[in-house]
Structure formats: C-alpha cells, structure tokens
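What follows is each chain in one-letter form.
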Amino acid sequence: MKITKVNVAPKSVKLKEPITISLGTIEHSMSAVVEIETDEGVVGYGEGAPGILITGETLKGTTECIQLFEKQLLGVDPLDTEKIHSIMDASAALAPSAKTAIDIACYDLFGKKANLPLYKLLGGFESSVKTDMTIGIDTPERMAQKAVLAVSQGFDTLKIKVGTGVESDVARIHAIREAVGNDIKLRLDANQGWKAKEAVNTINLLAQYQIELVEQPVAYYDIEGLTYVTNNVSTPIMSDESCFNSKDALRLIKARAVDFVNIKLMKCGGIHEALKINSICEAAGVECMIGCMVEETNIGVTAAAHLAAATKNITRADLDATFGLNEVAIPGGVGLEATSMISLSNKAGLGLSK
C-alpha cells in the first residue's frame, strides 16, 4: 500500500454553546480534516484540531503544515508508522495537530487493511469507553444547572472548569455539589489558572466537596510548582498541558510531579506517541486519562476512544467534544448525542465512511 494523495479541508463550525476555561473562551470547532488516498483504493480519515489556547496552533498553519507533509509522504506505505513520524519530525519541529491528522488517518488505514476495528489492533482491552461531561466556567448558579442536566443525561462524573480565584472557584464547586449530591464524581480542571501556593490553599479548601482529582493546577512549565502542589494536598493531581509527549511524561514521572497524566492526541502528535506516553506511565504505576480538545470533531474523538478502549492503563476518559457540535465531519464513530458510555463499532479502522 502506498500513499498517492493527501487531501486536507479546513473546517470551522460554531459550537452549540461557547465554553469558557481559565485561559479564554472557545466558540468554534476548528479542524483540518484529512483524507489519505492509497494505490489500493482505500481511504484513511484523520483530523488536526489546533487548540490555540493549548498548543498555540492555528487552523491555517495546521492546514499548510499538512500540505507540506504530503510532499514528503507520497509513495510511502501508510502502515509504516515509525517511518511516517520520522519524515514528519524532519519536516516540522512541533506542529502536533498536523502530525495527529496524518497519524490518525494512517491508523484508520491500518484497521481497514486488517479488516479490524482499531481498538482490536491497539490491544482490544474493551470495546467501550466511559466519559465524563465538562462544565465550563460560568456563574455558580448556571454551572449547577448544567451539572444537573448532565446527571439527568446519565453522567456520573463531571469535569468542572475552575482557576479564576479562590472565592469564585469554591462558590462554583459548592453550588454544583449541592445540586448533584454526593454520589457524582467531580474532577476539576484549572487549566494552569493558579500559582503553586494558591493551588494548595484552594485545593485543600475544595477537598470538603469530595474531589476525585485536580487537573493542571499551575503553569505548564512549572514542574517544581506542580510537584509542590502534589506533595502538599491529599487530592490526586493530574497533568495536562505539562505533558505534550513521552519526554514530558518521563520528566514528570522522574520528578514524581503528578498522580495521573492526561493524554490528548492533538497535543502529542497522534496515537503513535500516545502509546509511548501510556507505556512510560504504566511502567511507573501511573494511570492515564484520555482527553480531547474542545475544537475536535468526531474523527479525533473516535480515534481517542479506540485508544482508550484498547489499553488497560487508560482508566479515565474526557471525550465529550462531539456533544457540543451540530454536525459530524464524516459519518460514523462517536456521535452527537450526549452519552456517558461510548460504544465502538466493529467496522474496520475508525468506522468512518462517506
């Protein structure tokens, strides 16, 4: 099998409702949708969803980078994933979303060539994934209302965005806990919103509300601060923006900086690198969560769901991006209806087709 063409189409779709995090507000799903054509007539689908608040990438830049990759990848076997990534790394130093688009499409082709769903090829641990539902920053009353709605839809785990200040964060979590009761798990995500000492103070105040974990409490580069927080609170701490790739994961593990690691395909460059991150964490006894960017469509979320289902050490999932969309990029895969249990089909690859 050889790559004969790489088609890329930038796509921007307004979300049903904007979502606010400590870094800013996101209003659109933005994705460079990729189709890799082969000499065997089989097509693989992927996407690069640049999250400028997280990775610093733009849709225009991601699209142009994918076009650059095409020139280097024509004639290469898409199943040679190590070679594919070596070529892309030599062409662009970073550009994780662009690399993810190619990576996902190649893994889709891998599944189609083997006539197996991707989760089977990646490990086959499970065929479904349980996800949480994210509640963006808003007034305490509005966030509590959204939390109640999510629970009524069947979600028993909520991911709550925080990071705007001790008083406001405590008020939000108090309102949500009061509204949903004590049986619902609450995960908090500060998106780098606190300083280290502020994080310790805030997390210890919030511990009374039975918090499952806190994600990325401090700036991505402040590994010492992250370690300080982890060592001074009883609530488990998870990295997100501090871990883009396997080298970051190794650094966090060596520093004993976190209790969990959040893997996102759009941060790390795709499934190829995500598997390395998970292996490092698993060897160290650190469980992982699989996450997604708000900007992703069903293509990226479906790929992440296959990876999560396949691997035992990915024990948590935050794969709710499609629930905020009005349409899918390509039919198939994870749908638009809000559901806590994502069941994967037995169709070959990602199960996507036009």
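Since we're looking at a predicted model, the values are computed, not measured.

## A look at the UniProt feature "active site" (unreviewed entry) in the chain
The feature "active site" (unreviewed entry), as annotated in UniProt, sits at Lys161 and Lys264 in this numbering. Restricting the annotated residues just mentioned to those that line the largest pocket leaves Lys161 and Lys264. Take Lys161: it is sitting in strand S6 (residues 157-161). By relative accessible area, which is 8% here, Lys161 ends up buried. When residues no more than four places from it in sequence are discounted, the contact partners of Lys161 are Thr20, Ile21, Thr134, Ile135, Gly136, Ile137, Met143, Asp189 and Asn191. Of note, Lys264 is situated in strand S10 (residues 260-264). For Lys264, a relative accessible area of 6% translates into the label buried. Not counting the four nearest positions on each side in its chain, Lys264 is found in contact with Asp240, Gly291, Cys292 and Met293.

## A short note on the UniProt feature "binding site: Mg(2+)" (unreviewed entry) in the chain
As annotated by UniProt and renumbered to match this structure, "binding site: Mg(2+)" (unreviewed entry) occupies Asp189, Glu215 and Asp240. The greatest C-alpha distance among the annotated residues, which extend across 52 residues, is 9.1 Å, indicating that they converge on a single site. Those annotated residues lining the largest pocket are, specifically, Asp240. Within the secondary structure, Glu215 is located in strand S8 (residues 211-215). Tracing the backbone shows Asp240 in the loop between strand S9 (237-239) and helix H9 (246-255). Setting aside chain neighbours within four positions, we find Asp240 in contact with Glu215, Gln216, Asn262, Lys264 and Lys267.

## Here we look at the sheet that holds S9
The 8 strands lie next to each other as S5-S6-S7-S8-S9-S10-S11-S12, forming an open sheet whose pairing is parallel. Edge positions in the sheet fall to strand S5 (133-135) and strand S12 (314-317), since each has one partner strand and no second. Between one strand axis and the next, the sheet turns through 30° on average, direction left out of account. With 3 bridges connecting them, strand S11 (residues 287-291) and S12 associate as parallel partners. From the neighbouring strand, Cys288 faces S12, where its bridge partner is Ile314.

About the cut-offs
Residues numbered from 1 in each chain as written. Predicted model: local features only at pLDDT ≥ 70, side-chain atom pairs only at ≥ 80, totals over all residues. Heavy atoms only, no water. UniProt positions renumbered as here; feature names shortened; annotations may be inferred. 1 Å grid on protein atoms, 1.4 Å probe; cavity = no way out; pocket = protein on both sides within 12 Å on 5 of 7 lines; lining within 4 Å. Helix = DSSP H or I, 4+ residues; strand = E, 2+ residues; numbered from the N terminus. Buried < 20%, exposed > 50% of the residue type's maximum accessible area, 1.4 Å probe, protein only. Contact = heavy atoms within 4.5 Å. Pairing = 2+ DSSP bridges. Axes fitted to C-alpha atoms, helices over the stretch in contact; angles between N-to-C directions.

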